[in-house]
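Summary of structural features
As a plain string of letters, each chain reads:
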Amino acid sequence: MMKMSFITLDILLKDELNQIHGFINLFDLTEFGVSHMPYYTPDTVSKILRCWERAYPCRNKSMNYYNSPLILNALMVIFRRFMSENLQQRLFFHWSSLESLYQHVSPSLLPEEYGGDAGPVQNIIETWKDEVIKNREEIVQNSQYGVDENKRPVVKNPDKSGWGKMGSFRKLAVE
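1. Topic: the pairing of strand β1 (residues 23-28)
The sheet contact formed by β1 and strand β2 (residues 60-66) spans 6 bridges and is parallel. Its bridge partner lying in β2, phenylalanine 27 is registered against tyrosine 65. This β-α-β element, β1 to helix α3 (residues 42-55) to β2, shows right-handed connectivity.

Here it is in C-alpha cells:
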C-alpha cells in the first residue's frame, strides 16, 4: 500500500500545480485489519511520516481516515508523536460518518460510492491505471534505487527532525 502511495505521489508531483495547491488525502480503511498491523511498526511509521512531511515537495491540506478500525485509532495516539504539530492539526477521523467526511472533503471530489459527484470508483481506478501505465518507464527506473541502511552512519545526537545533522552546504570548503 505504501509503495503505491509513493508511486502515486511521484506521478502527481510532476505537475507543479499539485505542488502549489496541495492534496486532500482520503484513506478508506474498511478492509484494514489486524493482519496489516505488523507492517506498521513505530520505526516504519516514523520514516513514512518524515518522508511524507519533509522529503516530498507537497502540501498536505488534510489527511482523512474513513472507517478506521478501533485498533488503528488507538495506535494513532502513539503515531501522533511522530507527526509535526501542523500535520496533527490536519488529521481527521471520520469512522463511518459521511457527514463528518463532507465537512473536510467536498462531495464534488468524492466518488459516487461516498455520496459524491466524481463518478464511480471503478472509472477513477481505470483512469488512474492509464496514468500509471503512461509513467511505467519512470516507475521502473525509480524502483532500482534504494538505501542500504547498514551503511548509514549512526547519529548519536540527532536533531528533532530525525534526519541527523541538518544544515546548508553553502559554506562548505572543499579542497
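2. Description of the nonpolar core
Core analysis: the largest hydrophobic core is formed by 23 residues, its most contacted members being Leu9, Met76 and Leu91. Broken down by secondary-structure element, the contributors of at least two residues to this core are α1 (2-12), α3, β2, α4 (70-79) and β3 (91-95). When residues of this core are assigned to their parent elements, the largest contribution, 4 residues, is made by α3. Not counting residues up to four positions away in its chain, the partners in contact with methionine 76 are Met83, Leu91 and Phe93.

3. Considering the packing of aromatic side chains
Evaluation of the coordinates by the stated rule reveals 5 aromatic pairs. Judged by centre distance (5.5 Å) and plane angle (20°), the rings of phenylalanine 6 and tyrosine 56 are stacked. Taken together, the residues span a long stretch of sequence, with phenylalanine 6 in helix α1 and tyrosine 56 in the loop between α3 and β2 at a distance of 50 residues. As far as the burial class goes, phenylalanine 6 and tyrosine 56 line up, both buried. Taken together, Phe27, Tyr65, Phe93 and Trp95 form an aromatic cluster joined through their ring pairs.

4. Considerations on the pattern of salt bridges
Scanning the entire structure with this criterion turns up 3 salt bridges. Notably, a salt bridge pairs glutamate 131 with lysine 134, separated by 3.3 Å at the nearest N-O pair. Taken together, the residues span about one helical turn, with glutamate 131 and lysine 134 both in helix α7 (residues 121-134) at a distance of 3 residues. Given a relative accessible area of 27%, glutamate 131 falls into the partly exposed group.

5. Some points on the side chain of serine 62
Among the structural elements, serine 62 can be located in strand β2. A residue is classified by how much of its surface remains accessible, and serine 62, at 5% relative accessible area, is buried. Only 2.8 Å separates the side chain of serine 62 from the side chain of asparagine 64, close enough to count as a polar contact.

6. So, the state of the cysteines
Taken as a whole, this structure holds 0 disulfides when the rule is applied. Free of any disulfide, cysteine 51 has its nearest cysteine sulfur in cysteine 58, 9.2 Å distant.

7. Observations concerning the side chain of serine 68
Assignment of secondary structure puts serine 68 in the loop between β2 and α4. Among the residues examined, serine 68 registers a relative accessible area of 6% and is labelled buried.

8. Brief notes about the packing of α1 against α7
One can describe the packing of α1 onto α7 by two numbers: an axis separation of 11 Å at closest approach and a directional angle of 75°. Judged on the interaxial angle alone, α7 and α1 are roughly perpendicular. Packed against α1, whose contacting residues are Met4, Thr8, Ile11 and Leu12, the element α7 presents Trp128, Glu131 and Val132 at the interface. When the residues that make up the contact of α1 with α7 are grouped by side-chain class, the tally is 5 nonpolar, 1 polar and 1 charged.

Conventions and cut-offs
- Residues numbered from 1 in each chain as written.
- Predicted model: local features only at pLDDT ≥ 70, side-chain atom pairs only at ≥ 80, totals over all residues.
- Heavy atoms only, no water.
- Pairing = 2+ DSSP bridges.
- Helix = DSSP H or I, 4+ residues; strand = E, 2+ residues; numbered from the N terminus.
- Right-handed = clockwise from strand over helix to strand, strands pointing away.
- Core = buried A, V, L, I, M, F, W, Y, C linked by side-chain atoms within 4.5 Å.
- Buried < 20%, exposed > 50% of the residue type's maximum accessible area, 1.4 Å probe, protein only.
- Contact = heavy atoms within 4.5 Å.
- Phe/Tyr/Trp six-rings, centres within 6.5 Å; stacked < 30°, edge-to-face > 60°.
- Salt bridge = Lys/Arg side-chain N within 4 Å of Asp/Glu carboxyl O.
- Polar contact = N/O pair within 3.5 Å; in protein donor to acceptor, adjacent residues only side chain to side chain.
- Disulfide = S-S within 2.5 Å.
- Axes fitted to C-alpha atoms, helices over the stretch in contact; angles between N-to-C directions.
- Parallel < 35°, antiparallel > 145°, perpendicular 65-115°, else oblique.
- Nonpolar A, V, L, I, M, F, W, Y, C, P; charged D, E, K, R; others polar.

All quantities given are derived from atomic positions and should not be read as evidence of function.
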